[in-house]
Amino acid sequence: MKYYQLLKVSALLSSIFLVSQAAGWKVEEEERLIQEKFLNDTVAAKSLVLVRPPAADGSNKATNVSLSYNQIIVHEVDDSNGYISVSMWESMVWTDKRLSWKPEDYDGVDKITIPPSYIWLPAISVYTPSSELGLAEDETGRKVVIAADGNVVYVPTKRARFRCDVDLKYFPYDVQVCHLKVGSWVHHQKELNIIGRNFGLVDTSFDLHHTDWKINSSLITSTSQVYSCCLETYQTIDLKLILVRKAAFFYYIFIIPTATINVILPFIHFIPPTGSQKTNAAGLLLVGSILMHLMLYQQLRGFAEDNVPLLLKIFDTQLTMIVTSIVISASTASLASVKHTSCRVPAFMRKILSVVFGRICCFGRNEANGDFTRLQEMMPSVQFDANHDSAPIVSNEQSEHGDQRQQQSSIESSLQYLSEEMRLASERRQLEKEWYQVAILIDRLAAFIFIIYTIVMYARFSANLEKVA
């Protein structure tokens, strides 16, 4: 039994030794291949870096290079300056027969990885004005994969920052379309033919879900153009990115607060005109609206003057409505609190108050001389002559004594004076009541107008957003 276990251990150690030896031999063969092919100080080795490779058939035709972009990640969208910053994999594949070898000459090695500085690389640069396209990693982190048949695969990680015309009209539900145009300024199309590998939809599955943006779709197209500087045709690749802003954060920061203010504002005008709470509430709404306006302007500093964001228009309208509400509140408070002595409400407005808005606003019937009438009912023994207000007619038995007539005359004069004062006080109260009702009417009309305007404003905003969707 022990002998059998000893055999198993010996076999295992032998297998490990043979595998390590084979791996070591293969590594040695790869080192020998790289040394002979790329590191010898010969003209052929130097030409691998400096000279464009011939076509796959060995002729002097254009070198075919397939170019594609994958795993695009959005790092930043600069709204104010109109720039976008992304990182992506720039995949380039071409064939260089000068790099081929026979695997059997190197113990079956059919693929190697070397630094890109050892071979020729396609000179791809950015065409988009005021843009940058560079490597996102240093030289040590990049490798080129070369197959035995001369097929080369180079996938560096590129970092691009390029111009993008940001349209903020539908913020925060805006969609931005950005273009990055790349190509070769060194080689024209007869020397370097950039062809599409998987041209069309770009793979964005590796998107790290940037805080503010996501890539809705992307597209690569190829175009050829003759420029005024040169006679040859140059080929360019256009990378089109369609970005959608993630609006959830801005929905809670801007949309809900402004909608809340617009809902509260009309109901301020249901507070009694003489209440100080009305102006206090309107003042608080004004402060909140101004602060939100400043926050929004800070976010939207890059909008074009001819394309003002709809949300900014809503904020401006809201600010105007609040200021108008404060002015109306101050006016109605003045109408309801000032002592009116002679100026009566116009007749047509009294009719509107009593007939049209009486039931809606819960107005009572106007009684101008109610107190005076009740005073007459309390004195059935006293009657007034229609032609002589100061000449009373006494229905009781006539006094035969002069002092009784004088006393009665004094009482009648006092009652007449009291009745006149009560009549005047009743008229003043009636005037104040009428103007108070006018103030309530103005408040109610303002509330209804604000409600209707708010509904229309948000309906139009939603209709415009449907166009974007």
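None of these values were measured; they are calculated from a predicted model.

### A closer look at the sheet that holds strand 4 (residues 125-126)
Okay, so step 1: Read across the sheet, four strands follow the order 4-9-12-11 without closing on themselves; strand pairing throughout is antiparallel. In this open sheet, the two edge strands, each paired with only one partner strand, are strand 4 and strand 11 (213-226).
Okay, so step 2: Taken together, the two bridges between strand 4 and strand 9 (residues 175-183) define a ladder with antiparallel strand orientation. Within strand 9, the position partnered with Val-126 by the bridge is Val-182.

### Side note on the layout of surface pockets
Okay, so step 1: The calculated volume of the largest pocket comes to roughly 240 Å³.
Okay, so step 2: Together, Leu-310, Lys-313, Ile-314, Thr-317, Tyr-453, Val-456, Met-457, Arg-460, Phe-461 and Asn-464 line the largest pocket.
Okay, so step 3: Elements that contribute at least two residues to the lining of the largest pocket include exactly helix 5 (310-337) and helix 8 (402-468).

### Details of the pattern of salt bridges
Okay, so step 1: All told, the structure shown has six salt bridges when counted by the stated rule.
Okay, so step 2: With a closest N to O distance of 3.0 Å, Arg-98 and Asp-96 form a salt bridge.
Okay, so step 3: The exposure class of Asp-96 is buried, given its relative accessible area of 1%.
Okay, so step 4: One connected set of salt bridges, linked through shared partners, spans Asp-79, Asp-174 and Arg-245.

### Here's the deal with helix 4 (residues 276-299)
Okay, so step 1: Given a rise of 1.5 Å per residue, 24 residues ought to cover 34 Å, and the 35 Å separating the end C-alpha atoms of helix 4 matches this to within 8%.
Okay, so step 2: If you check which residues of helix 4 are buried, you get Lys-278, Ala-282, Leu-285, Ser-289, Met-292, His-293 and Leu-296.

### Details of the environment of Ile-195
Okay, so step 1: Mapped onto the fold, Ile-195 is located in strand 10 (residues 192-196).
Okay, so step 2: Since its relative accessible area comes to 36%, Ile-195 is described here as partly exposed.
Okay, so step 3: Taking the C-alpha atoms as reference points, Ile-195 and Ile-237, separated by 42 residues in sequence, lie 9.1 Å from one another.

### Section: the confidence of the model for the chain
Okay, so step 1: Mean pLDDT over the chain stands at 76; residues scoring 70 or higher make up 70%.
Okay, so step 2: Highest mean pLDDT in the chain belongs to strand 7 (residues 151-154) (93); lowest belongs to strand 13 (residues 382-384) (44).
Okay, so step 3: Below pLDDT 50 for its whole length, residues 6-25 participates in one contact with residues either more than four positions away or in separate chains.
Okay, so step 4: Within the model, the stretch residues 378-399 combines pLDDT values under 50 with 15 contacts to residues more than four positions away or in other chains.

### Let's talk about the nonpolar core
Okay, so step 1: Grouped together as the largest cluster of nonpolar side chains are 45 residues, with contacts concentrated most on Phe-38, Val-86, Ile-112, Ile-119, Ile-146 and Leu-243.
Okay, so step 2: For this core, the leading source of residues is strand 1 (residues 63-78), giving six residues.
Okay, so step 3: Apart from the residues within four sequence positions on either side, Ile-112 is in contact with Glu-30, Leu-33, Ile-34, Phe-38, Trp-101, Val-144, Val-145 and Ile-146.
Okay, so step 4: Counting 22 residues, the second-largest nonpolar core is a separate cluster that includes Val-166, Leu-168, Ile-268 and Leu-285.

### Some remarks on the state of the cysteines
Okay, so step 1: For the structure shown, the criterion picks out one disulfide.
Okay, so step 2: Here Cys-164 is linked by a disulfide to Cys-178, with a sulfur-sulfur distance of 1.9 Å. Its S-S torsion of approximately -70 degrees makes the covalent link between Cys-164 and Cys-178 left-handed. Of this pair, Cys-164 sits in the loop between strand 8 (157-163) and strand 9 while Cys-178 sits in strand 9, and the two are 14 residues apart along the sequence.
Okay, so step 3: Among the residues examined, Cys-178 registers a relative accessible area of 1% and is labelled buried.

### Things to note about the pairing of strand 8
Okay, so step 1: One ladder, built from seven bridges, connects strand 2 (residues 83-95) with strand 8; its direction is antiparallel. Bridging from a neighbouring strand, Trp-89 pairs with Thr-157 of strand 8.
Okay, so step 2: With four bridges connecting them, strand 5 (residues 132-135) and strand 8 associate as antiparallel partners. Note on strand 8: the bridge partner recorded for Leu-135 is Lys-158.

### Section: helix 3 (residues 248-268)
Okay, so step 1: Its 21 residues place the ends of helix 3 30 Å apart at the C-alpha level, agreeing with the 30 Å of an ideal helix rising 1.5 Å per residue.
Okay, so step 2: Largest kink in helix 3: about 25 degrees, centred on Ile-255, with the proline Pro-257 one to four residues after it.
Okay, so step 3: Every buried residue of helix 3 is listed here: Phe-250, Phe-254, Ile-255, Thr-258, Ile-261, Asn-262, Leu-265, Pro-266 and Ile-268.

### Brief notes about the environment of Asp-107
Okay, so step 1: Its place among the elements puts Asp-107 in the loop between strand 2 and strand 3 (111-114).
Okay, so step 2: For Asp-107, a relative accessible area of 46% corresponds to the partly exposed category.

### Side note on the packing of helix 4 against helix 5
Okay, so step 1: Contact geometry for helix 4 and helix 5: axes closest at 10 Å, N-to-C directions at 160 degrees. Classed by the angle they form, the pair helix 4 and helix 5 counts as roughly antiparallel. Read as a crossing pair, helix 4 and helix 5 show a hand that is left-handed. Residue-level inspection shows Lys-278, Thr-279, Ala-282, Gly-283, Leu-285, Leu-286, Ser-289, Ile-290, Met-292, His-293 and Leu-296 of helix 4 in contact with helix 5, the latter providing Leu-311, Leu-312, Phe-315, Asp-316, Gln-318, Leu-319, Ile-322, Val-323, Ile-326, Ser-329 and Thr-332.
Okay, so step 2: In terms of residue class, the contact of helix 4 with helix 5 is built from 13 nonpolar, seven polar and two charged.

### A short note on the packing of aromatic side chains
Okay, so step 1: On inspection of all chains with the given rule, the structure shows 13 aromatic pairs.
Okay, so step 2: Judged by centre distance (5.3 Å) and plane angle (80 degrees), the ring pair of Phe-249 and Phe-250 falls under edge-to-face.
Okay, so step 3: The class of Phe-249 is exposed, set by a relative accessible area of 55%.
Okay, so step 4: Measuring from centroid to centroid gives 6.3 Å for Phe-250 and Phe-254, while their planes differ by 5 degrees, and the two rings are stacked.

### Overview of the side chain of Ser-68
Okay, so step 1: As for its placement among the helices and strands, Ser-68 is situated in strand 1.
Okay, so step 2: On the basis of relative accessible area, Ser-68 is assigned to the buried category, the value being 5%.
Okay, so step 3: For Ser-68, the side chain forms a polar contact with the side chain of Asn-70, separated by 3.5 Å.

### Considerations on the packing of helix 3 against helix 5
Okay, so step 1: Relative orientation of the contacting elements helix 3 and helix 5 amounts to 25 degrees, with a least axis distance of 11 Å. As far as their axial angle goes, helix 5 and helix 3 are roughly parallel. For the pair helix 3 and helix 5, the crossing hand works out as left-handed. On helix 5, the residues that touch Phe-254, Ile-255, Thr-258, Ile-261, Asn-262 and Leu-265 of helix 3 are Leu-311, Ile-314, Phe-315, Gln-318, Met-321, Ile-322 and Ser-325.
Okay, so step 2: Of the residues contributing to the contact of helix 3 with helix 5, the split by class is nine nonpolar, four polar and no charged.

Each value, and the rule that gives it
- Residues numbered from 1 in each chain as written.
- Predicted model: local features only at pLDDT ≥ 70, side-chain atom pairs only at ≥ 80, totals over all residues.
- Heavy atoms only, no water.
- Pairing = 2+ DSSP bridges.
- Helix = DSSP H or I, 4+ residues; strand = E, 2+ residues; numbered from the N terminus.
- 1 Å grid on protein atoms, 1.4 Å probe; cavity = no way out; pocket = protein on both sides within 12 Å on 5 of 7 lines; lining within 4 Å.
- Points joined across faces, edges and corners; volume = space filled by probe spheres on them.
- Salt bridge = Lys/Arg side-chain N within 4 Å of Asp/Glu carboxyl O.
- Buried < 20%, exposed > 50% of the residue type's maximum accessible area, 1.4 Å probe, protein only.
- Expected span 1.5 Å × (residues − 1).
- pLDDT = per-residue confidence, 0-100.
- Contact = heavy atoms within 4.5 Å.
- Core = buried A, V, L, I, M, F, W, Y, C linked by side-chain atoms within 4.5 Å.
- Disulfide = S-S within 2.5 Å.
- Bend = angle between axes of the 7 residues up to and from the residue.
- Axes fitted to C-alpha atoms, helices over the stretch in contact; angles between N-to-C directions.
- Parallel < 35°, antiparallel > 145°, perpendicular 65-115°, else oblique.
- Left-handed = near helix turned anticlockwise from the far one by under 90°.
- Nonpolar A, V, L, I, M, F, W, Y, C, P; charged D, E, K, R; others polar.
- Phe/Tyr/Trp six-rings, centres within 6.5 Å; stacked < 30°, edge-to-face > 60°.
- Polar contact = N/O pair within 3.5 Å; in protein donor to acceptor, adjacent residues only side chain to side chain.

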